[in-house]
Amino acid sequence: MVSYFVPRGRFLVKAGNLRQVVQQQHHQQVQMQLQPIKTIQPQSAQNGSWPVVRHFRQFSSNSASKEATLHHRKHALVKQKPQTNSNLEVAQIRRNVLSRWTGFLLRWAPMGICVFGAIEWQLQKQRCEREGQPRTASELQSRIYCSLPLRILSRCWGWLAACYMPPTLRPYVYGWYSNTFKVNLEEALYPEYGHYNSLAEFFTRPLKEGARIIDKDAPLVSPADGKVLHFGSASESLIEQVKGVNYSIEDFLGPLQTLEQANSGAAYAQALKEKSDGSTELYQCVIYLAPGDYHRFHSPTAWKPTIRRHFSGELLSVSPKVAGWLPGLFCLNERVLYMGQWKYGFFSYTAVGATNVGSVEIYMDAELKTNRWTGFNVGMHPPSTYEYDELELTKAEKASTEFGKGDLVGQFNMGSTIVLLFEAPKNFKFDIVAGQKIRVGESLGHIAGSK
């Protein structure tokens, strides 16, 4: 037993010395490359083992050929080492600082933004309650909302809606949309899902003949299917988009058409009227088209447009909740308005754009292009609502642009809003109530004493 364990122990000692020698020789080679070589002391004397002697002989034969090369490199290495290490240390410190700040911001910035938003929301709520006004957006909240990339989103949605829909998917996609937004396909000219090649075609589906009855006795009928947001007098400079939330009529329509109107000295709303004898008044009516509604809009009366203005603004949502929260919403959004005359005087018809509305199309105006690409200027919008393109309809065009009551005018590629602003006798009375659902051709009002 003794004669068996002793050689094994000696072999393990030799193996340990071998590993130690290899490590020491490797460390010595690294030092010799970075420092001048003075004297190579063989370590075989320390160990007394044959692997050291063999390694030393091999190293001695190669050291003479390398000594000259290392002698020329040693000065450059000595000089470059401090500078290289210093640059590496600075770069590492910068990376560490950047990593720490990035981690800090990613971890705490969202929480800070949420806390700041909650505080701002509560402060604005308290201000509105203290002043006895409806709860509306502050200037900061309005700017933040306008900074969202809604135009880019709307263009993407318009592109997606125009994409070809495979026939196998149409029943599922269109069926889901119909169930979600309560679309009535029974009144559509083509009730089969397979007829519509894209979502855009499904949105702008035509109706059957006779699906909408035009009230011939009413002087003014509904131009679209939708929900009545607000209606009433528009004789002041500020009018209501919904109850308690106002917008400027001048910002909405733009400057007066003629110098005579501008130099009349009257208020803007009064200068718009063609009759100055006090027998007429300005009125307005706002109708919101939901995503499930019929998306084409018609003429509410017989009238003749003379000027078209296209305001390239934002594409904010025009849903009733947003309209009741954001003052001046209709003045901020992109819109196309036509101004002209009807039998009682001034008449204007405005189609207001909204989020996810791919475009607003006016059938008789092929030059009109809405929802145009404006670049990645997120958060930037026209500094004034007076930035618009104006087209004065020629005399030749006027004859072809006269609209009759119920005539088809255009379409939205998604739900949006129609705003009517018109001059009528003072005894004009509305036949509608705020919040009611209304359809094309139904009466909006009548002249008291003539109904």
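First things first, this report covers the structure right here in the doc. (Residues numbered from 1 in each chain as written. Predicted model: local features only at pLDDT ≥ 70, side-chain atom pairs only at ≥ 80, totals over all residues. Heavy atoms only, no water.)

Next up on the list: the pattern of salt bridges. In this structure the tally under the stated criterion is 10 salt bridges. Note that Arg127 and Glu120 form a salt bridge whose closest N and O atoms lie 3.8 Å from each other. What emerges from the salt-bridge pattern is a single network uniting Glu187, Arg212, Asp225 and Arg439. (Salt bridge = Lys/Arg side-chain N within 4 Å of Asp/Glu carboxyl O.)

Within the open sheet, the 8 strands sit side by side as E11-E7-E8-E9-E13-E5-E2-E15. Their pairing is antiparallel. Across the chains shown, the open sheet's two edge strands, defined by having one partner strand only, are strand E11 (388-392) and strand E15 (437-438). Both strand E2 (residues 226-233) and E15 contribute to a ladder of 2 bridges, which runs antiparallel. By the bridge assignment, Lys227 is partnered in E15 with Lys437. (Pairing = 2+ DSSP bridges. Helix = DSSP H or I, 4+ residues; strand = E, 2+ residues; numbered from the N terminus.)

Another point: the side chain of Glu187. Topologically, Glu187 is positioned in the loop between helix H6 (170-181) and helix H7 (199-203). Its relative accessible area of 16% is what places Glu187 among the buried residues. (Buried < 20%, exposed > 50% of the residue type's maximum accessible area, 1.4 Å probe, protein only.)

What follows is about the environment of Phe347. The residue Phe347 is located in strand E9 (residues 345-352) in this model. Taking relative accessible area as the criterion, Phe347 reaches 0% and is therefore assigned buried. Among residues more than four places away in sequence, those in contact with Phe347 are Leu220, Pro300, Thr301, Trp303, Tyr338, Met339, Gly340, Gln341, Trp342, Leu420, Leu421 and Phe422. (Contact = heavy atoms within 4.5 Å.)

For strand E13 (residues 417-425), the tally of buried residues reaches 9 of 9 residues, placing the bulk of the element in the interior. Across 9 bridges, the pairing between strand E5 (residues 280-288) and E13 is antiparallel. Following the sheet pairing, Cys285 is matched in E13 by Leu420. When E9 meets E13, the two strands line up antiparallel, connected through 6 bridges. Residue pairing across strands places Ala351 opposite Ile418, the latter belonging to E13.

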